[in-house]
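Structure at a glance
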Amino acid sequence: MRHRKAVLKLNRTPSHRKAMFRNMVTSLFKYERIQTTGAKAKELRRWADHLITLAKRGDLHARRQALAIVREKDVVHKLFEQAAERYGSVSGGYTRIVKLGYRPGDAAPISLVELIYSQDTKKKKTKKKKAKADAAPKKAAAASKPAADEKKKESAKPKAAKADEKKAAEVKTAKASEKQTKAKSKDDKAKPAAKPASKKKPAGDEKEEKPVKAAAAKKKAAKRKTKKKATRKKAKKKAKKKVAKRKTKKKAKKKVAKRKTKKKATKRKAKKKPAKRKTKKKATKRKAKKKPAKRKTKKKATKRKAKKKKATRRKKR
């Protein structure tokens, strides 16, 4: 009889069961809803309620106890921050289980586990009271509308006068800015006429500029050549490194092949040695078989001698 044994086994070992529910609780507090089988959902509710009571307590020891169960630190911190606001006024009933039907394949009953806000229960009760309280101010607002319309019309007249004054000031500033732009455009047209005189240079200066340009061009060409040489050197070095790597790889492969051949040769020798041992054993067995035959012949000779001695003694008597 299973009296006072409330733990669901779920056909799992204790370590597997504990690890599974720890993962499920972390994901429940992380995403706030989870979809599992019905039996697991009922057992998960116990774990979730225990952790929420710890979070409501909120001290350091409770936080450490929660960290021993939940896998992620961020989830624990989130739980402890929101617990007082979310579940402060409620003691128990922190989760809701909704049955979703049966799973295709094995027809296991699936249910949705989700966390509940304590504010939801308060809103349902206060809906009717709010509806009655909102009806009275609406009537008062309907009565006060005509008086408010008259006040708006009176206040609209001085506002219109102010707007006209602002428009007139804007027109004046626009005209002044147009005059300034026209004056600037005239000055700009007059300047290009004076420039062509300054552009003309003496013939001596042009001759001096030509060798300077040629020297600059030579320097650029020299820089390009040096860059090309540097790139070529780098390419050669890379090619050499690649060749060296290939050679080292080939050498390493050869060494590995030699080791393999040596191992194979040693294995063959090892196989041959037992055969030699067997032949030696057979030879020793043959010798051992021959030795008893010699012993038997010796025994027979000794027996004959003994019989002859007995016969001679009898004759003498």
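From a predicted model like this one, the values you see are computed outputs, not experimental measurements.

The subject of this paragraph is empty space enclosed by the protein. Throughout the structure, instances matching the rule amount to 1 cavity of 30 Å³ or more. The space that makes up the largest cavity amounts to roughly 90 Å³. Phe29, Glu32, Val75, Lys78, Leu79, Gln82, Ala83, Arg86, Tyr87 and Leu115 are the residues that line the largest cavity. Among the elements that line the lining of the largest cavity, the one with the most residues is helix α4 (residues 73-87), at 7 residues. Split into classes, the residues belonging to the lining of the largest cavity amount to 6 nonpolar, 1 polar and 3 charged.

This brings us to the nonpolar core. Residues Leu28, Phe29, Leu44 and Leu51 are the most contacted members of the largest nonpolar core, which totals 27 residues. Among the elements that take part in this core, helix α2 (residues 38-57) stands out by supplying 7 residues, more than any other. Excluding residues within four positions of it along the chain, leucine 28 makes contact with Arg33, Ile34, Leu44, Ala48, Val113, Glu114 and Leu115.

With respect to the helices and strands, the residue arginine 22 is situated in helix α1 (residues 14-31). Put simply, arginine 22 is tucked away with no salt bridge, and the nearest opposite charge, on glutamate 72, sits 11 Å away.

Below, the discussion takes up the packing of helix α3 (residues 60-69) against α4. Running from N to C, α3 and α4 cross one another at 140°; their axes reach a closest spacing of 10 Å. Here α4 runs oblique to α3, going by the angle between their axes. The crossing of α3 and α4 is right-handed. Contacts between α3 and α4 involve Ala62, Arg63, Ala66 and Leu67 from the first element and Lys73, Val76, His77 and Phe80 from the second. Residues belonging to the contact of α3 with α4 are distributed by class as follows: 5 nonpolar, 1 polar and 2 charged.

Of note in the backbone geometry, asparagine 11 takes a positive phi value of approximately 55° without being a glycine. Note that asparagine 11 resides in the segment before α1. Residue classification places asparagine 11 among the exposed positions, given a relative accessible area of 79%.

Next up on the list: the pattern of salt bridges. According to the stated counting rule, one finds 8 salt bridges in the structure shown. Across the pair arginine 33 and glutamate 114 runs a salt bridge, and its minimum N-O distance is 2.7 Å. A residue pair is termed long-range when its members are at least 10 positions apart, and arginine 33 in strand β1 (residues 33-37) and glutamate 114 in strand β3 (residues 109-115) qualify at 81 residues. A salt bridge links arginine 96 to glutamate 114, with the nearest nitrogen and oxygen atoms 2.8 Å apart. In this pair, arginine 96 is assigned in strand β2 (residues 95-102) and glutamate 114 in strand β3, connecting sequence segments 18 residues apart. For arginine 96, a relative accessible area of 36% corresponds to the partly exposed category. One connected set of salt bridges, linked through shared partners, spans Glu32, Lys78 and Arg86.

With that settled, the discussion passes to the packing of aromatic side chains. The geometry of two aromatic rings is summed up by the distance between their centres and the angle between their planes. In this structure the tally under the stated criterion is 2 aromatic pairs. Where tyrosine 87 meets tyrosine 94, the ring centres are 5.2 Å apart and the plane angle is 75°; that geometry is what we call edge-to-face. In this pair, the class of tyrosine 87 matches that of tyrosine 94, namely buried. Note that arginine 86 overlies the ring of tyrosine 117, its terminal NZ or CZ placed 3.8 Å from the centroid.

Definitions and limits used
Starting from 1, residues in each chain are numbered consecutively following that chain's sequence as written. With pLDDT at 70 or above as the cut-off, local features in this predicted model cover only qualifying residues; side-chain atom pairs require 80 or more to be listed or tallied, and sums for whole chains, interfaces and linings still use all residues. The side-chain figures draw on all heavy atoms in the structure; neither hydrogens nor water molecules are used. Cavities and pockets are found on a 1 Å grid laid over the protein atoms alone: a cavity is a set of points where a 1.4 Å probe fits but cannot escape, a pocket is an open set with protein on both sides within 12 Å along at least five of seven lines, and a lining residue has an atom within 4 Å of such a point. Grid points are joined across faces, edges and corners, and a volume is the space filled by probe spheres set on the points. Numbering of helices and strands starts at the N terminus; helices are DSSP runs of H or I of at least 4 residues and strands are runs of E of at least 2. Any residue outside Ala, Val, Leu, Ile, Met, Phe, Trp, Tyr, Cys, Pro, Asp, Glu, Lys and Arg is labelled polar, Gly included; the first ten of those are nonpolar and the last four are charged. In this description, a nonpolar core means a group of buried Ala, Val, Leu, Ile, Met, Phe, Trp, Tyr and Cys residues linked to one another through side-chain atoms lying within 4.5 Å. Any residue under 20% of the maximum accessible area for its type is buried, any over 50% is exposed, and the rest in between are partly exposed; the area is computed with a 1.4 Å probe on protein chains only. Contacts are assigned to residue pairs that have any heavy atoms within 4.5 Å of one another. We treat Lys and Arg as the positive residues and Asp and Glu as the negative residues; His and chain ends play no part in the count. Salt bridge, as used here, is a side-chain nitrogen of Lys or Arg placed within 4 Å of a carboxyl oxygen of Asp or Glu. Where helices are involved, their axes are fitted lines through C-alpha atoms of the stretch in contact, as for all axes, and angles between N-to-C directions lie from 0 to 180°. For this classification, under 35 degrees means roughly parallel, over 145 means roughly antiparallel, 65 to 115 means roughly perpendicular, and everything else is oblique. Handedness of a helix crossing follows the sense of rotation of the near helix relative to the far helix, less than a right angle counterclockwise being left-handed and clockwise being right-handed. Each Phe, Tyr or Trp ring (for Trp, its six-membered ring) is paired with any other whose centre lies within 6.5 Å, and the angle between the two planes then decides the class: stacked below 30 degrees, edge-to-face above 60, tilted in between. Whether a charge lies above a ring is judged from NZ of Lys or CZ of Arg, which has to be within 6 Å of the ring centre and within 35 degrees of the ring normal.

This is a description of form; function is not addressed.
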